[in-house]
Amino acid sequence: RDFSIQVSTERRSFMAGEPLELRCAIEAQNVPERFFSVSWVFSSSPVAVVGPSAVPILGPDYVAREAAGLMTVRKESSNVHLLKLQRLRPEDTGKYICRVTEREKTPTGDFIDRSKRSRNVQITVQPLKSNITVSLSANSSEVLEGDRIQLTCSVHSATGPLSIVWQWTDKQSVGPIQEVASLNRDGTVVHGPSYRERSVYGEIRVERVRADIFSLSLYNALPGDEGQYHCTATQWIQAGTETEPNWEKIGEQSATKTITVKTVESSFMVSASSRTPSITFGDSFDLLCLVKPRHNPRVPTSVTWRFMPAGARAEVEDQGEFKDLVTFTREGTLQWGEQLLGLGTRTTVDRSHSNTNFRLSVTRAGRREAGKYQCTAILWRRNYDNSWSRVANRTSNLLGISVLQPGKASWPFVKQNEYNYWSNNKNRQRKFIGVAPYIHMVVALQENK
């Protein structure tokens, strides 16, 4: 009535997270009619005991593991017992044995126990090694103020749950690193303190595009968004139980992308010109105001045509004041100013679809239309809370308009090195060019007295 035992497993080396199955086989005659109990032992610590009733009694270190469904102890047949451990951990490395005890009744009615143990089965569990790599790309390395910054973080060779942290620092990396947002393993997004209010208005969006691709979008880029963006990916493994999860970090990699935000103010320019070098009294003239760069709804401009009537003498004419004629507001509406041109004069304004050309047209020009014209432009920025901030203002060159009676000749004198001027010498017209702070136009010529 002797017996022997044998423990078998498919392999003895595992990676963390893999399952382990150990089978203890009892080799004896009439096993179903005999009373055997099987004990599993790991490094001298009890794992479980299965008696003749096949009800397992677990060791204190394995109760929670079995309750979480990460451990199975059962009797597969009358002579085969199974121990299965799910999600192996590095600390499961060690020696496993199966001890079998048979209880036998003697002719005198007493019970005797005979025990045998299997050979040691050495199990090795290697910790997971992360092989992830991270790459970071952008829709453009240089974006215009008001446009969108789109960053895509791609994680390669990931085999487990990932978490992502987005960070920002200045180009020189001399300032503190600020956390823009993070995306946890479960998909929860948390924004950094400096970006929280902005995210409430939908200006910052973090998404998991795929299991291994993540995106960060900053809408309506500000000059302060310029700098280095970092994407840090962390790979995790669950080492605890379902009820008491214990996540372990097994790898972390990051990538960096530098973004330049080109401010609209840096290229903000205003100039004025006219396509009508000379007209007669009562004719029309057009003035054109050119605003650069292109129109951006988040950074619009308001443009105002201004006018100062002609003075009596050139040397004191700068004592006057410019007054507003008409304003194209940032919302796209027209607002007429306090200065009105002469009676009988018709003034019209229009602008191009790109909001870069603003034209002032005057018909039936008279003496009251003579003077200096200029356009001014103000650059505005719409903030994430829909308030407005004034960014910059520019003033164009001056356009000088002289309106004279037809049929008479008089050559208005303007200081050299201040304006372009005309001279009449023995019925010959000569044009002298000076360093002009504004463009002076003679729209009608008088005859010599």
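With an unreviewed UniProt entry as reference, the protein chain is termed Ig-like domain-containing protein, source organism Xenoophorus captivus.

Moving on: the overall build of the protein chain. From N to C terminus, the protein chain includes 2 helices and 34 strands. Every one of the 449 residues in the protein chain was classed for burial, and the buried ones make up 41%. Relative to all contacts within the protein chain whose residues are 6 or more apart in sequence, the contacts with residues 24 or more apart total 59%. Carbon and sulfur atoms make up 47% of the accessible area of the protein chain, which amounts to about 24,300 Å² in all.

Here strand S18 (residues 204-210) runs beside strand S19 (residues 213-218); their pairing, made up of 6 bridges, is antiparallel. Within S19, the position partnered with Glu-207 by the bridge is Ser-215.

Before going further, it helps to spend a moment on the sheet that holds strand S7 (residues 71-75). Here 4 strands make up an open sheet; going across it, the order is S1-S3-S8-S7 and the pairing antiparallel. Two strands lie at the open edges of the sheet, namely strand S1 (4-8) and S7, each paired on one side alone. Direction aside, the axes of adjacent strands within the sheet are offset by 10 degrees on average. Across 6 bridges, strand S3 (residues 20-27) lies against strand S8 (residues 80-85) in antiparallel orientation. Looking at the pairing, Leu-22 lines up with Leu-83 of S8.

Attention shifts here to the pairing of strand S4 (residues 35-42). Summarising burial for S4: 7 of the 8 residues are buried, a large majority. The turn joining S4 and strand S5 (residues 45-50), which pair antiparallel and follow one another in sequence, is formed by 2 residues; a positive phi near 50 degrees is taken by Ser-43.

Gaps left between atoms show up when a probe the size of a water molecule is rolled over them. Evaluation of the coordinates by the stated rule reveals 4 cavities of 30 Å³ or more. Lining of the second largest cavity is provided by Glu-145, Gly-146, Asn-220, Ala-221, Leu-222, Arg-298, Val-299, Arg-381 and Arg-382. By residue class, the composition of the lining of the second largest cavity is 3 nonpolar, 2 polar and 4 charged.

Quick look at the pattern of salt bridges now. When charged atoms on two side chains of opposite charge get close, those side chains can pair. Across all of its chains, the model carries 20 salt bridges by this definition. In this structure, the salt-bridge partner of Arg-11 is Glu-18, at a minimum N-O distance of 3.2 Å. On the basis of relative accessibility, which here comes to 38%, the residue Arg-11 falls in the partly exposed class. Overall, the relative accessible area of 25% leaves Glu-18 in the partly exposed class. Here Glu-76 makes a salt bridge to Arg-74, at a shortest N to O gap of 3.7 Å. The exposure class of Glu-76 is partly exposed, given its relative accessible area of 34%. Judged by relative accessible area, Arg-74 falls into the partly exposed class, the value being 42%. Through salt bridges with shared partners, one network takes in Glu-21, Arg-23, Arg-74, Glu-76 and Lys-84.

Evaluated as defined, the whole model comprises 3 disulfides. Disulfide partner of Cys-24: Cys-98, at an S-S distance of 2.0 Å. Between Cys-24 and Cys-98, the S-S torsion sits near -80 degrees, and that sign places the bridge as left-handed. Taken as a pair, Cys-24 in strand S3 and Cys-98 in strand S9 (residues 94-105) lie far apart in primary sequence, 74 residues in all. We classify Cys-98 as buried; its relative accessible area is 0%.

Rules of the game
Residues numbered from 1 in each chain as written. Predicted model: local features only at pLDDT ≥ 70, side-chain atom pairs only at ≥ 80, totals over all residues. Heavy atoms only, no water. Helix = DSSP H or I, 4+ residues; strand = E, 2+ residues; numbered from the N terminus. Buried < 20%, exposed > 50% of the residue type's maximum accessible area, 1.4 Å probe, protein only. Contact = heavy atoms within 4.5 Å. Areas by Shrake-Rupley, 256 points an atom, 1.4 Å probe, with all protein chains shown as cover. Pairing = 2+ DSSP bridges. Axes fitted to C-alpha atoms, helices over the stretch in contact; angles between N-to-C directions. 1 Å grid on protein atoms, 1.4 Å probe; cavity = no way out; pocket = protein on both sides within 12 Å on 5 of 7 lines; lining within 4 Å. Points joined across faces, edges and corners; volume = space filled by probe spheres on them. Nonpolar A, V, L, I, M, F, W, Y, C, P; charged D, E, K, R; others polar. Salt bridge = Lys/Arg side-chain N within 4 Å of Asp/Glu carboxyl O. Disulfide = S-S within 2.5 Å.

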